[in-house]
Protein chains: 2
Amino acid sequence: MTAKQLLQQHKLKRTSCREGMLELFLASKEALSENELREQLSGSYDRTTFYRSFITLLDAGIIHKIVVDNILTKYALTTPMTREHQHVHFFCTHCETTKCIQTDVEITIQLPEGFHQDSMDILIKGSCNHCKQ
Amino acid sequence: MTAKQLLQQHKLKRTSCREGMLELFLASKEALSENELREQLSGSYDRTTFYRSFITLLDAGIIHKIVVDNILTKYALTTPMTREHQHVHFFCTHCETTKCIQTDVEITIQLPEGFHQDSMDILIKGSCNHCKQ
DNA sequence: TCTGCAAATGCAACAATGTTGCAAAAGAAT
DNA sequence: ATTCTTTTGCAACATTGTTGCATTTGCAGA
Ligand SMILES: [Mn+2]
Ligand SMILES: [Mn+2]
Ligand SMILES: [Zn+2]
Ligand SMILES: [Zn+2]
């Protein structure tokens, strides 16, 4: 799947910002932040354009967002696996590497009477294979 | 347990800001945000003082922090239950009510080779008993 | 290939949240 | 009451994200 195909498939205009972002997502095994994308797209775009592109790609379901506390926000491609709701994310507290964990989880938690669950976010923090002590 | 006792027990100075915050935490069944605390402590304190008080109470382990995406940050008292295991938080997407779920969870997720887990955050989103449709 | 229109962009301004340095005030111990 | 330390308030700043508006671009149709 190419960036161009992804955009066409979702009937989105093929702009260089979107296409550049998608190429980086397609090439990366890890989630990427706005800053990481901008660094690599040296022909920088305005910050506003990035934010609006994120919104477009999120709305289309092409990418999804991973927020780690007040520390950072990253984005990753949505795959068939990650599209299934509750999947797990991993965050390395040393190098901030953030990954989608491709595992099926079946967790049921008893909520108080009258509460209703729509979704569940699971974030594991620890050290990645490069940062293990 | 009173606010005064909590502060003395942790050898913290008994200032009116800290004591006011703790009284609200002790009286609340839900997690509270900076704004909710400030509203109720009408004899408002400076924003900086709030942030520094949060840090003090967090460091002492008296409260813990619950971050919901880029939406909001709330705080709640640390109880014996919440201190122990990985515990779960609930966030109502309608009224933003945020609660600690007092349930024991034992979840093991297989991480990629070389990855090491330190902690796990679980956030359930949905509607609370007042907002159920 | 050219034209026209809707959509995307860049820029400036703004808001919310959180942090830091420093002088003044308050807490607690003597 | 005096002293010393910690906390506070204020101003300034950083980061992240949003909005309005004029300009530019992509793309469909001629
Ligand atoms: Mn993911
Ligand atoms: Mn909790
Ligand atoms: Zn790492
Ligand atoms: Zn609610």
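Bear in mind the structure is a predicted one, so any value in this text is a computation, not a measurement.

Definitions and cut-offs
Residues numbered from 1 in each chain as written. Chains lettered and ligands numbered in written order. Predicted model: local features only at pLDDT ≥ 70, side-chain atom pairs only at ≥ 80, totals over all residues. Heavy atoms only, no water. Near = heavy atom within 4 Å. Polar contact = N/O pair within 3.5 Å; in protein donor to acceptor, adjacent residues only side chain to side chain. Helix = DSSP H or I, 4+ residues; strand = E, 2+ residues; numbered from the N terminus. Nonpolar A, V, L, I, M, F, W, Y, C, P; charged D, E, K, R; others polar. Least-squares fit on C-alpha atoms with pLDDT ≥ 70 in both. Contact = heavy atoms within 4.5 Å. Donors = N, O, S within 2.8 Å, 3.2 Å for Na, K, Ca; no water. Buried < 20%, exposed > 50% of the residue type's maximum accessible area, 1.4 Å probe, protein only. Phe/Tyr/Trp six-rings, centres within 6.5 Å; stacked < 30°, edge-to-face > 60°. Pairing = 2+ DSSP bridges. Buried area = accessible area lost by both parts, 1.4 Å probe. Salt bridge = Lys/Arg side-chain N within 4 Å of Asp/Glu carboxyl O.

(A) Quick look at the protein's contact with DNA strand D. The full set close to DNA strand D counts 20 residues, and Arg-14 and Tyr-51 of chain A together with Arg-18, Thr-49 and Arg-52 of chain B are the nearest of them. Put simply, 57% of the atoms of DNA strand D that lie within 4 Å of the protein are in sugar or phosphate. Arg-52 of chain A places a polar side-chain atom, nitrogen or oxygen, 3.4 Å from a base oxygen of DNA strand D. The separation between a phosphate oxygen of DNA strand D and a polar side-chain atom of Arg-18 of chain B is 2.6 Å. Listed by contribution, the elements that provide at least two residues to the surface near DNA strand D are α3 (34-40) and α4 (47-60) of chain A together with α2 (16-27) and α4 (47-60) of chain B.

(B) Main features of the protein's contact with DNA strand C. Around DNA strand C, 20 residues are found, and the nearest of them are Arg-18, Thr-49, Arg-52 and Asn-70 of chain A together with Tyr-51 of chain B. Backbone atoms, meaning sugar and phosphate, make up 58% of the atoms of DNA strand C lying within 4 Å of the protein. The separation between a phosphate oxygen of DNA strand C and a polar main-chain atom of Arg-14 of chain B is 2.9 Å. Residue assignment for the surface near DNA strand C shows that the elements contributing at least two residues are α2 (16-27) and α4 of chain A together with α3 (34-40) and α4 of chain B. Here the residues of the surface near DNA strand C sort into 3 nonpolar, 8 polar and 9 charged.

(C) Up close: the relation of the copies chain A and chain B. Of the transformation superimposing chain A on chain B, the axial component is 0.0 Å and the angular component is 180°, with the fit at an RMSD of 0.1 Å. Taken together, the rotation angle and the small translation identify this as a two-fold axis. The position closest to the rotation axis in chain A is occupied by the C-alpha of Ile-122 of chain A, lying 2.3 Å away. Interface overlap between copies: 100% of the residues of chain A at the interface are likewise at the interface in chain B, consistent with a symmetric, same-surface contact.

(D) Spotlight on the coordination of the manganese ion (ligand 1). Residue and element names in this part refer to chain A. Protein coordination at the manganese ion (ligand 1): the donors are His-64 (NE2), His-87 (NE2), His-89 (NE2) and Cys-100 (SG), at 2.0 to 2.3 Å from the metal. Each donor residue of the manganese ion (ligand 1) lies on the same chain, and together they follow the pattern H-x22-H-x1-H-x10-C. For the pair shown, His-87 and His-89 are each scored as buried.

(E) Highlighting the packing of aromatic side chains. For the structure on display, the rule yields 8 aromatic pairs over all chains. Ring geometry for Phe-54 of chain A against Tyr-75 of chain A: centres 3.8 Å apart, planes inclined by 10°, an arrangement best described as stacked. Here Tyr-75 of chain A lies in strand β3 (residues 72-77) and Phe-54 of chain A lies in helix α4, a separation of 21 residues in the sequence. No difference in accessibility class separates Phe-54 of chain A from Tyr-75 of chain A, as the two residues are buried. Here Phe-115 of chain A and Phe-90 of chain B contribute two aromatic rings whose centre-to-centre distance is 5.0 Å and whose plane-to-plane angle is 75°, an arrangement assigned as edge-to-face. Of the two residues, Phe-115 of chain A sits in the loop between β5 (98-101) and β6 (116-127) while Phe-90 of chain B sits in strand β4 (residues 88-92), which places them in two different chains. Each of the two residues, Phe-115 of chain A as well as Phe-90 of chain B, counts as buried.

(F) Fine view of the pairing of strand β6 (residues 116-127) of chain B. Across 11 bridges, the pairing between β6 of chain A and β6 of chain B is antiparallel. Directly across from Ser-119 of chain A, in β6 of chain B, lies its bridge partner Lys-125 of chain B. Examined bridge by bridge, β4 of chain B and β6 of chain B share 5 bridges and lie parallel to one another. Bridge pairing in β6 of chain B places Phe-90 of chain B opposite Ile-124 of chain B.

(G) Quick look at the interface of chain A and chain B. Between chain A and chain B, the contact holds 35 residues from the first and 35 residues from the second. Together, the buried faces of chain A and chain B total about 2,800 Å²; carbon and sulfur atoms form 61% of this surface. Across the pair Lys-125 of chain B and Asp-121 of chain A runs a salt bridge, and its minimum N-O distance is 3.1 Å. Counting across the interface, chain A meets chain B through 12 residue pairs in polar contact (both at pLDDT 80 or more).

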